[in-house]
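Chain and residue survey
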Amino acid sequence: MASSSTPKYNSNSLENSSSKQTLKDGTNWEQNEEIPRLPGETRVTDKDVIYMCPFNGPVKGRVYITNYRLYLRSVENDPVVILNVPLGVISRIEKMGGASSRGENSYGLDITCKDMRNLRFALKQEGHSRRDIFEVLTKYAFPQSHNLLFFAFVNEEKFSENGWMVYNPMSEYRRQGLPNERWRVTFINEHYGLCDTYPSLLVVPYNATDDDLKKVAAFRSRNRIPVLSWIHPETQAVIMRCSQPLVGMSGKRNKDDERYLDVIREANGQISKLTIYDARPNVNAVANKATGGGYEGEDAYPNAELFFLDIHNIHVMRESLKKLKDIVFPNVEESHWLSSLESTHWLEHIKLVLTGAIQVAEKVSSGRSSVLVHCSDGWDRTAQLTSLAMLMLDSYYRTIEGFEVLVQKEWISFGHKFASRIGHGDKNHADTDRSPIFLQFIDCVWQMSKQFPTAFEFNEQFLITILDHLYSCRFGTFLYNSEFLREKEKVTEKTLSLWSLINSEKSKYTNPFYSKELNRALYPVASMRHLELWVNYYIRWNPRIRQQQPNPVEQRYMELLALRDDYIRRLEELQITNNSKISNSSASSTSPSQMVSQVQTHF
Amino acid sequence: MPGHGCQGRAGCRSGGRDAGAGPGARGSFPGRSGPGAPGPPGQSPCAMSGAPGGRRPTFPGLPGERVLEEAAGARQRCGNGGGSIPGTLLCTDRRLAFLPGQALGSRGLLHSQDEVALPCIHKLVAASSFSKPKVLTAASTLKFIPEELAVFCRDFRLLRFYFPENGLAPQAFRVANAIAQAREAAAWLGDAAEGHDGWASPGETTPEEDEDEDEEEGSSTVLLFESLRDWEKELQRLGAAGWRVSAVNERFDMAPSLPQYLWVPSGLLDHDLKRTFAHFQERRVPRLCWRHPGGGDLLRAASFHPASEPGSEDVRCLEALLLGDRGPCVLADTAELPTLADIQLAHLRLRALCLPGAVAEEKWLSALEGTRWLDHVRSCLRKAVEVASLLAGKRCSVVLQEPSDRDLNCLLASLVQLLGDPHARSLPGFQSLVQREWVAAGHPFPRRLGLLCRDSPREEAPVFLLFLDCTWQLLWQFPADFGFTEAFLLALHDSSFSPYFSTFRFSCQRQRGQRSSTPRLPSQTYRPMGGWQDPGGHRGGPHPCTFPPVWAWGRRYTRQQREQFRNPAGPPGPAESLTPGTPADPCPRGGARLVLTLAKGSLCPHALPWWSRPPPRPPVRVSPPPDSQGTQGGLLGTRQPPPGLLLPCTAGPCVRLWHRCYLRGLPQEQRGRLAPSLAGLAEELQLLQDRLRAWNLRRPH
């Protein structure tokens with residue numbers, strides 16, 4: 001019925017789904033308005049242009065620029081072609097062609113975006129027609145370079161949920177059962193005096209005094225001392241994070257640091273060695289000695305075992321993603337796709353990050369040993385490893401709110417340099433500080449969700465939405481490099497949280513396949529044979545590659561789940577009413593829920 | 001336990017070995033038992049679960065099957081996480097089987113995952129901690145006591161057994177050698193397998209209790225296309241006015257490899273039809289496969305015979321058959337598709353690549369590309385999309401023309417129907433499709449799947465497996481449009497190596513009819529002049545065994561497994577036939593005699609071989625040049641595909657490796673939880689419903 005009445009393609013002919021996105025992103029589209037507008041969003045300019053669509057050729061349309069977005073609507077096409085691009089995703093704006101250049105549509109603007117696409121607009125050649133629009137775009141896309149506020153600070157949206165309330169460090173540590181007799185909460189960093197890239201609240205061994213911490217800070221890069229990220233509820237083994245020790249060329253040692261690591265090891269009554277995972281390749285760790293860094297040597301730390309995880313640095317990751325973009329936008333190769341994909345090494349890097357996180361998780365869980373994770377500064381690879389390991393070990397982080405807490409804690413509060421890595425509002429597109437570390441983390445999460453389709457409460461759309469607003473600057477969530485700076489800018493008072501948007505409409509981001517289960521560790525297969533490219537994110541702009549949407553399987557699944565709940569409820573009712581009357585019945589000894597779990601073991 | 005006493009009789013098959021037979025009591029079956037022998041194996045649902053106290057359950061042997069060796073106390077390693085199941089490893093003259101100590105099977109039926117037909121064994125490796133792993137063949141047998149046995153299967157499975165306990169050594173040694181020997185001996189004689197009746201069907205004479213249910217579920221709704229009725233029924237469903245069923249080949253004398261019944265134009269008399277056979281290779285004339293309700297007819301045929309010089313009367317008949325008055329006719333050849341050698345090579349490479357440790361991690365993607373398997377899948381899909389678009393969009397007929405009409409034509413004809421006909425995407429519809437376009441159409445399964453004995457010409461090319469892969473790609477891209485699941489495709493994939501079914505054992509209907517006793521067939525044989533010979537000569541001899549079609553899933557798959565064949569998210573309700581659409585754009589007019597070829601996504605005028613004059617029109621490109629839309633849009637004429645038509649994407653990232661099939665042999669380190677499937681949920685619902693019903697019945701009134 002449905003199948004014979006609706007056309008099926010996997011090769012949409014037009015980018016018509018972007019018109020749906022205007023509804024999807026939660027914007028109010030008031031009547032009598034030409035374009036959708038958020039509260040607080042103001043129109044700046046508009047102009048007739050030709051959108052050089054890489055898939056369907058030139059599209060005549062009108063482009064509207066606001067302080068938040070670039071919006072294009074075609075004038076002749078049917079269905080209408082819509083582009084809806086938050087200015088935050090723009091990485092670079094270039095003029096193409098000159099006033100005298102020949103050729104049709106050779107004069108205009110070329111816009112490079114951070115979300116795996118480029119946009120090209122052609123304008124009329126007469127009268128410097130592009131000058132205005134270039135200037136307006138540059139100004140609003142790069143507010144930081146023009147002494148303007150991020151849109152997040154003028155955004156006047158209202159949500160039913162307040163996302164800033166999602167993460168409270170104290171209640172998160174309480175959830176983990178902390179503080180306890182071996183671990184204490186310290187306020188030594190309350191005013192960011194110990195470490196300005198760390199959160200104000202830290203969990204450290206009970207047996208380490210604040211004085212000890214200060215001494216250790218002197219020996220750790222940027223004072224990022226080892227602190228607790230997560231504690232295993234049964235083994236009491238912990239995941240600690242920090243930066244590299246300042247060993248240097250001369251091989252300096254620090255008694256306080258050495259003792260501190262021993263205190264950590266002893267905190268869960270562990271006799272075996274403390275495991276240290278250095279995320280870097282061995283050679284990089286050695287090379288870091290030249291700049292005063294290094295790693296924990298065997299002589300200085302006889303009670304620790306050190307492993308290198310071979311994950312490359314931010315520059316390698318940036319180049320890898322650049323290569324990936326080359327093969328997915330605008331055209332996707334047909335016959336040599338796999339070898340092209342291989343040559344980007346993107347999946348290989350994903351694999352190494354996942355492999356590292358699996359090792360960390362296994363050590364803590366099966367190995368019952370506390371681990372210390374660091375890279376150079378402890379805010380890129382370290383964040384990837386600790387947060388992924390926590391995701392594998394703790395099912396709470398696999399819920400929508402739990403994942404928000406995880407991001408808020410391991411990434412935002414522990415000073416992943418979002419501003420530098422993304423370059424929010426900054427025109428310097430070639431800044432070597434930029435790197436897709438957080439994207440890589442989200443990709444790893446997606447890989448896990450693919451391998452364990454029922455283990456995560458959130459769906460793919462949730463992850464894509466996070467990435468979209470990583471760039472959009474509509475929310476304060478990812479702005480600035482540290483908690484210290486965010487407090488200075490009063491981000492929580494003056495901006496909205498991304499989690500407000502998401503938590504106000506949770507059903508949109510909920511995975512219908514999610515089955516809440518006992519807390520169990522998940523270890524994905526980190527093999528090239530089982531990792532895949534996240535097509536729905538990296539190649540989503542290509543209308544020919546798109547997956548069928550919406551997925552009717554999910555809908556059907558939801559219906560079946562509802563039906564199951566109904567049956568179980570009715571069975572339970574029957575059981576209650578009949579239990580007293582029926583005896584000696586084999587069926588009555590099995591409760592419906594028990595039966596369900598038995599049934600599930602078949603699969 | 002009803003039937004428990006009866007099921008003990010299963011022992012009569014197994015040479016009187018009961019469940020308590022010790023390891024020393026090696027099987028010596030009564031050599032052969034005819035199909036009429038009493039005592040069906042495993043009639044009871046408890047056949048295998050009744051053995052208490054670790055005694056091994058009765059082996060549900062096939063009629064005539066002999067157990068050569070067995071090793072009790074062996075353990076089978078499970079795929080995930082390294083658990084293992086204790087049980088008995090058996091080697092019979094047909095297969096290697098594992099009987100779990102705590103039987104899982106519900107009705108004397110061997111779980112499909114616990115057995116391998118001997119011809120399906122690709123490689124047998126024995127290992128011990130004292131010796132290097134050794135590949136076992138009949139010529140090179142074992143010199144050490146094996147601790148572990150790895151069985152690499154041609155269907156990409158990898159079974160691993162180990163012998164943990166002391167005292168097992170002699171058994172382990174014997175069973176390993178027996179498998180190596182038996183494998184050699186069991187090489188199939190294949191097509192002309194005279195006197196090789198050993199491969200009987202499991203439970204052939206045993207209408208099992210679930211069989212009725214199975215009938216109701218699948219078999220009875222599957223059209224086997226062995227009877228006139230089936231052909232007429234299907235033609236009616238297609239609503240193909242202007243076509244009729246011809247019984248001209250009823251005795252296989254017109255074309256031995258074609259089915260008995262052919263769909264031909266109503267206006268063409270059998271008398272005239274007979275004139276056309278000689279002009280096609282293997283006498284395989286054009287005939288209807290399918291009709292798109294709003295569009296054109298799909299025909300398939302072999303190449304024109306190179307030596308044929310039709311006279312004027314023959315030309316009239318040929319053109320009536322090929323062109324009719326149906327408007328332009330498009331010839332689609334297989335030039336852009338992989339050759340049989342390409343397919344075979346790619347499949348061998350793929351199989352080698354999917355072994356553990358075959359390639360370094362970082363080279364996996366390029367190595368996978370290097371097999372070219374996915375390229376071949378892609379070109380088949382692309383061609384099918386072109387043909388399906390033509391049929392749906394323009395009023396013309398398409399004739400699939402392959403030199404032999406027995407390999408890629410099967411693939412293409414069925415793929416086109418999967419794209420265009422929702423009925424073909426239902427479970428019974430798909431089974432009927434395979435039955436018509438592959439089984440009845442004479443795809444030489446034994447040769448192509450390499451089930452023949454080793455010295456026969458190597459004509460192996462798993463065209464059918466390539467088709468299953470293409471189908472899986474469609475299933476993956478359009479999950480809600482199919483009535484069946486990946487589990488079903490896997491079962492079909494694995495069954496193609498299994499010797500128990502008529503479906504894959506023969507190369508055409510004629511052979512199938514001879515080797516299995518189908519009462520519908522005429523009893524006399526006809527010998528055309530200089531034509532084929534009747535190779536069997538069994539008519540008067542012992543009554544041959546009947547092989548069930550593969551669609552009798554109940555014989556190898558439990559109810560639970562079969563439940564998973566059905567896609568609960570598939571099209572709701574029974575698949576209906578296509579509603580006739582509005583007549584689409586006509587193909588460029590050019591009179592009835594316009595013949596075009598489809599090449600590289602566009603159409604070009606073409607002359608039939610007997611036309612002396614050049615094509616009636618100057619060569620013009622008929623379809624718009626392939627634009628940025630891709631060829632589909634061009635051929636389709638319109639942007640919107642008609643309802644019910646699937647147009648899969650064939651770009652690099654969209655054609656994927658069938659992980660669940662090809663990577664089954666790899667050790668999986670994934671741990672944590674099983675992923676319940678939609679099908680699983682559906683079954684759970686079924687059980688809940690049953691439970692509810694039971695509750696309601698017991699409810700005191």
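Here the structure is a predicted model, which is why all the values come from computation and not from measurement.

Scanning the entire structure with this criterion turns up 64 salt bridges over all chains. For Arg318(A), the salt bridge goes to Glu319(A), with nearest N and O atoms at 3.6 Å. Given the relative accessible area of 18%, Arg318(A) is considered buried. As a salt-bridge pair, Arg316(B) and Glu313(B) come within 2.6 Å of each other at their nearest N and O atoms. In this pair, Arg316(B) and Glu313(B) both sit in helix 6 (residues 312-322), three residues apart, roughly one turn of the helix. Residue Glu313(B) is classed as partly exposed on the basis of its relative accessible area of 33%. The network of salt bridges with shared partners includes Glu234(B), Arg237(B), Arg284(B), Arg287(B), Arg300(B), Asp405(B), Asp421(B), Arg436(B) and Glu437(B).

What follows concerns the packing of aromatic side chains. Scanning the model with the defined rule gives 55 aromatic pairs over all chains in all. Ring centres of Trp534(A) and Tyr538(A) lie 6.3 Å apart, and the angle between their planes is 90 degrees; on these two criteria the pair is classed as edge-to-face. Like Tyr538(A), Trp534(A) is buried. Above the ring of Phe152(B), the side-chain terminus of Lys123(B) is found at 5.2 Å from the ring centroid.

Attention now goes to the domain arrangement of chain A. Residues and elements named next belong to chain A. For chain A, the assigned domains are domain 1 (43-141) and domain 2 (163-432 + 440-533). The distance between the C-alpha centroids of domain 1 and domain 2 comes to 38 Å. Summing the contributions of domain 1 and of domain 2, the shared interface buries around 1400 Å²; its carbon and sulfur component is 64%. In terms of surface lost to domain 2, no three residues of domain 1 exceed Tyr68, Lys114 and Met116, which account for 44% of the buried area on that side. One can count zero salt bridges joining domain 1 with domain 2.

For the rest of this paragraph, the subject is the packing of helix 11 (residues 427-440) of chain B against helix 13 (residues 463-477) of chain B. If you want to describe how two helices pack, look at the angle between their axes and the distance between the axes. Residues and elements named next belong to chain B. For the pair helix 11 and helix 13, interaxial distance at closest approach is 13 Å and the crossing angle is 150 degrees. Compared by their axis directions, helix 11 and helix 13 come out roughly antiparallel. Seen from above, helix 11 lies across helix 13 with right-handed handedness. Residues Phe430, Val434 and Trp438 of helix 11 touch helix 13, and the partners they reach there are Val463, Phe464, Phe467, Leu468 and Thr471. Tallied by class, residues from the contact of helix 11 with helix 13 come to seven nonpolar, one polar and no charged.

The next point concerns helix 4 (residues 228-238) of chain B. Residue and element names in this part refer to chain B. Three or more residues of helix 4 are buried, namely Asp230, Trp231, Glu234, Leu235 and Leu238. In an axial view of helix 4, the angular spread of the buried residues amounts to 130 degrees, which keeps them on one side of the axis. In helix 4, the exposed positions angled more than 90 degrees off the buried face are occupied by Arg229 and Gln236. Looking at the buried residues of helix 4, the elements they touch are strand 9 (243-246), strand 10 (262-265), strand 11 (287-291) and helix 11.

Moving on to the state of the cysteines. What makes a disulfide is a covalent bond joining the sulfur atoms belonging to two cysteines. All names here are of chain B. Here the structure, examined in full by the defined rule, presents zero disulfides over all chains. Cysteine 120 carries a free sulfur, and the closest cysteine sulfur to it, the one in cysteine 153, is 5.1 Å from it. With no disulfide of its own, cysteine 410 lies 9.2 Å from the sulfur of cysteine 289, the closest cysteine sulfur.

Cut-offs and rules
- Residues numbered from 1 in each chain as written.
- Chains lettered and ligands numbered in written order.
- Predicted model: local features only at pLDDT ≥ 70, side-chain atom pairs only at ≥ 80, totals over all residues.
- Heavy atoms only, no water.
- Salt bridge = Lys/Arg side-chain N within 4 Å of Asp/Glu carboxyl O.
- Buried < 20%, exposed > 50% of the residue type's maximum accessible area, 1.4 Å probe, protein only.
- Helix = DSSP H or I, 4+ residues; strand = E, 2+ residues; numbered from the N terminus.
- Phe/Tyr/Trp six-rings, centres within 6.5 Å; stacked < 30°, edge-to-face > 60°.
- Lys NZ or Arg CZ within 6 Å of the ring centre and 35° of its normal.
- Domains from an automatic or database assignment.
- Buried area = accessible area lost by both parts, 1.4 Å probe.
- Axes fitted to C-alpha atoms, helices over the stretch in contact; angles between N-to-C directions.
- Parallel < 35°, antiparallel > 145°, perpendicular 65-115°, else oblique.
- Left-handed = near helix turned anticlockwise from the far one by under 90°.
- Contact = heavy atoms within 4.5 Å.
- Nonpolar A, V, L, I, M, F, W, Y, C, P; charged D, E, K, R; others polar.
- Arc of directions from axis to C-beta.
- Disulfide = S-S within 2.5 Å.

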